[in-house]
Amino acid sequence: MTQATLVYDGKEFPLEVIEGTEGERAIDVQKLRAQTGLVTFDPAYGNTGSCKSAITFIDGEKGILRYRGYPIDEVATRARFTEVCWMLIYGRRPELQELKDFREKLTRHTLIHEDMKKFYEGYPAGAHPMAIMAAMFSALQTFYPDDGDVDQNIVRVLAKSKTLAAFAYKKSIGQPFIYPKNDLSWPANFLRMMFAVPAEEYEVPREVEDALNLLLILHADHEQNCSTSTMRMVGSSEANLFASISAAICALWGPRHGGANEQVINMLEQIQASGSNCQKFIDEVKDGKSGIKLMGFGHRVYKNFDPRSRVLKDAADRILGKLGINDPMLELAKKIEETALSDEYFVKRKLYPNVDFYSGIIYRAMGIPSSMFTVMFVLGRLPGWIAQWKEQRDEEGGYRIHRPRQIYVGETLRPFEDLNTKNL
Ligand code: CMC
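Since the structure is predicted, the reported quantities are computational estimates derived from the model, not experimental observations.

## Quick look at the packing of aromatic side chains
- Scanning the entire structure with this criterion turns up 15 aromatic pairs.
- Between the aromatic rings of F119 and F143, the centroid separation amounts to 6.4 Å while the plane-to-plane angle is 70°, which identifies the pairing as edge-to-face. You can see F119 sitting in helix 5 (residues 116-122) and its partner F143 sitting in helix 6 (residues 129-143), a full 24 residues away along the chain.
- Judged by relative accessible area, which is 35%, F119 ranks as partly exposed.
- Owing to a relative accessible area of 22%, F143 belongs among the partly exposed residues under this scheme.
- Ring centres of Y120 and F167 lie 6.0 Å apart, and the angle between their planes is 70°; on these two criteria the pair is classed as edge-to-face. Placement of Y120 in helix 5 and of F167 in helix 7 (residues 150-173) is noted, with a sequence separation of 47 residues between them.
- Relative accessible area serves as the criterion here: at 1%, Y120 is assigned to the buried category.
- One aromatic cluster is present, built from ring pairs that chain together Y120, Y123, F167, F177 and Y179.
- When the ring centre of Y345 is taken as origin, the NZ or CZ atom of R349, which lies over that ring, is 3.8 Å away.

## A short note on the site of the ligand
- The local shell around the ligand holds 21 residues, among which H257, L294, G296, F297 and R300 are the closest.
- Separating a nitrogen atom of the ligand from a backbone N or O atom of F297 is a distance of 2.9 Å.
- Taking Y345, its side chain carries an N or O atom lying 3.0 Å from a nitrogen atom of the ligand.
- Surface burial for the ligand is 71%, taken as the share of its 930 Å² of free accessible area covered by protein chains.
- Considered class by class, the residues forming the shell around the ligand number ten nonpolar, six polar and five charged.

## Considerations on helix 12 (residues 260-273)
- Spanning 14 residues, helix 12 covers 20 Å between terminal C-alpha atoms, matching the ideal 20 Å at 1.5 Å per step.
- Taken as a whole, helix 12 has its buried residues at A260, N261, E262, V264, I265, M267, L268 and I271.
- For helix 12, the elements touching its buried residues are helix 13 (278-287), helix 15 (328-341), helix 17 (355-365) and helix 18 (373-393).
- Among the residues trailing helix 12, G275 stands out with phi positive, at a value near 100°.

## Quick notes on unusual backbone geometry
- Phi at A44 is positive, roughly 65°, even though this residue is not glycine.
- Mapped onto the secondary structure, A44 falls in the loop between helix 1 (32-36) and strand 4 (56-59).
- A44 gets classed as exposed once you look at its relative accessible area, which sits at 55%.
- One non-glycine residue with positive phi stands out, namely R68, at about 50°.
- Relative to the helices and strands, R68 is located in the loop between strand 5 (64-67) and strand 6 (70-71).

## Quick word on a nonpolar patch on the surface
- A cluster of nonpolar side chains, contributed by V39, F41, I407 and V409, occupies part of the molecular surface with about 430 Å² of accessible area.
- Mapped onto the elements of the fold, V409 is located in the segment after helix 18.
- Overall, the relative accessible area of 75% leaves V409 in the exposed class.

## Section: the pairing of strand 1 (residues 3-8)
- With six bridges connecting them, strand 1 and strand 2 (residues 11-19) associate as antiparallel partners. Bridging across to strand 2, A4 finds its partner in L15.

## Side note on the sheet that holds strand 4
- Pairing in this open sheet of three strands is antiparallel, and the strands run 4-5-6 from one edge to the other. Strand pairing shows two members of the sheet lacking a second neighbour, strand 4 and strand 6, which therefore form its edges.
- Pairing analysis gives four bridges linking strand 4 to strand 5, with the strands arranged antiparallel. Residue pairing across strands places I58 opposite L65, the latter belonging to strand 5.

## A closer look at the side chain of T374
- As for its placement among the helices and strands, T374 is situated in helix 18.
- A relative accessible area of 0% places T374 in the buried class.
- A distance of 3.4 Å separates the side chain of T374 from the backbone oxygen of G258, its partner in a polar contact.
- In contact with T374, not counting residues within four places along its chain, are M130, L252, W253, G258, G259, N261 and E262.

## Remarks on the nonpolar core
- If you look at the biggest cluster of nonpolar residues, it comprises 114 residues, and the most contacted ones within it are Y67, F190, I245, L268, L294 and M366.
- The dominant element in this core, judged by the number of residues it contributes, is helix 7, at twelve residues.
- Setting aside residues up to four positions removed in sequence, M366 forms contacts with L191, F195, V208, A211, L212 and L215.

## A short note on the packing of helix 12 against helix 17
- At a minimum axis separation of 8 Å, helix 12 and helix 17 run at an interaxial angle of 80°. Accordingly, the angle class assigned to the pair helix 12 and helix 17 is roughly perpendicular. Within the contact between the two elements, helix 12 uses A260, N261, V264, I265, M267, L268 and E269 and helix 17 uses D356, F357, S359, G360, I361, Y363 and R364.
- Considering only residue class, the contact of helix 12 with helix 17 consists of eight nonpolar, three polar and three charged.

## What about a positive patch on the surface?
- There is a patch of like positive charges on the surface, built from R33, R400, R403 and R405.
- Looking at the secondary structure, you find R405 in the segment after helix 18.
- Here R405 falls in the exposed class, since its relative accessible area comes to 57%.

About the criteria used
Residues numbered from 1 in each chain as written. Predicted model: local features only at pLDDT ≥ 70, side-chain atom pairs only at ≥ 80, totals over all residues. Heavy atoms only, no water. Phe/Tyr/Trp six-rings, centres within 6.5 Å; stacked < 30°, edge-to-face > 60°. Helix = DSSP H or I, 4+ residues; strand = E, 2+ residues; numbered from the N terminus. Buried < 20%, exposed > 50% of the residue type's maximum accessible area, 1.4 Å probe, protein only. Lys NZ or Arg CZ within 6 Å of the ring centre and 35° of its normal. Near = heavy atom within 4 Å. Polar contact = N/O pair within 3.5 Å; in protein donor to acceptor, adjacent residues only side chain to side chain. Areas by Shrake-Rupley, 256 points an atom, 1.4 Å probe, with all protein chains shown as cover. Nonpolar A, V, L, I, M, F, W, Y, C, P; charged D, E, K, R; others polar. Expected span 1.5 Å × (residues − 1). Contact = heavy atoms within 4.5 Å. Patch = residues over 30% accessible without salt bridge, like charges linked within 9 Å, V, L, I, M, F, W, Y side chains within 5 Å. Salt bridge = Lys/Arg side-chain N within 4 Å of Asp/Glu carboxyl O. Pairing = 2+ DSSP bridges. Core = buried A, V, L, I, M, F, W, Y, C linked by side-chain atoms within 4.5 Å. Axes fitted to C-alpha atoms, helices over the stretch in contact; angles between N-to-C directions. Parallel < 35°, antiparallel > 145°, perpendicular 65-115°, else oblique. Lys, Arg positive; Asp, Glu negative; His and termini not counted. Charge placed at Lys NZ, Arg CZ, Asp CG, Glu CD.

These figures come from the coordinates and say nothing about function on their own.
Here it is as structure tokens:
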């Protein structure tokens, strides 16, 4: 057993060093407080391993991302989304029959309870679809209060999520809901519910279906990011699957996390509107006074490149080409990337385009409005959240409620004097 030694107050304390299958090492501090009275201090958990996990491996220095050991670029170009869901959640690639059965179940559970439609009626027309998604996921628990059958609830989540998302969109544009059509694939079924109207036939273009399949897979898991950690945190209190997902959706919404994809397009539109002067924009970001960040750039873990962003940059060219779309936003994004990557500020800080930089341009080409971009992230990330929640739940020897410590820096003990309230 490898050990590290902490010398504190003239005494030596041995601490076990644990090692992962890819050679990552960590000091196990679980007994530190009992042995020394000390806690560790790591705001924003930048250097804290919060769990052992066998789902996703990232090497941020080398730009590596693997699901269950398989490289992301191979999974993204060779798999269908439903297979990736099964693999992430159940730990291995499914047999063909297992995948067939899983798809069949996902198809049978696409409808939402008719009473849920009434909730949509109550939201104001401009309601952000992420708020609707968080509320609807929480509400699912009221329709399926028995938490006993985890696999059944997993199917419900994956099957109904696309219906909930498409209904949120239809609500926002005032069109009637389109019900799922169950001879379609997962992505095609969603796209039809988004874009079909009752009066007309609608066939989902194969290129658009494939593009969505790719995007969903690229977003499917990313180990202990903010929303996934939220999922585990909430799940650790034994909150049910639907409630944990609702919390993870709220965490994803922020512009530093999944909300960045919507912000990237807003940013590009603003740059375009003010004359497409990339250098001027980059200078504004750098001077720090404006508080503007280059959205879709930077990452806590990737310090070389984000492999998802590389796949998406190539995909943007290919998909827009196939759809015959010439979007000046793509050229603008490439120019911004080039300007940033040759600038000392970004080079020194190791800031590169992340998954959110090019995804919005592809969503736009598919006809998906920017207010739905983060909802698209939710749909892709669901299998990862579920896999992480289930891995924690199934942990050998059980799991504890998440409960970090703090360093208190407030007032010390002082008396609570009576206020003279007689004349109030
Ligand atoms: N534009 C300009 N400067 C940046 C950016 C950016 N996008 N990102 C980081 N920096 C600077 C930051 O100001 C700091 O500079 P200094 O050392 O002078 O104070 C330095 O780079 C280190 O950044 P940090 O804030 O310590 O990095 P972090 O790991 O805490 O934050 C991040 C990571 C992703 C929140 C951040 O890079 C960011 O806000 N990026 C823009 C939003 C974004 O694209 N988010 C999507 C992340 S990937 C997908 C996902 O998680 O959903």
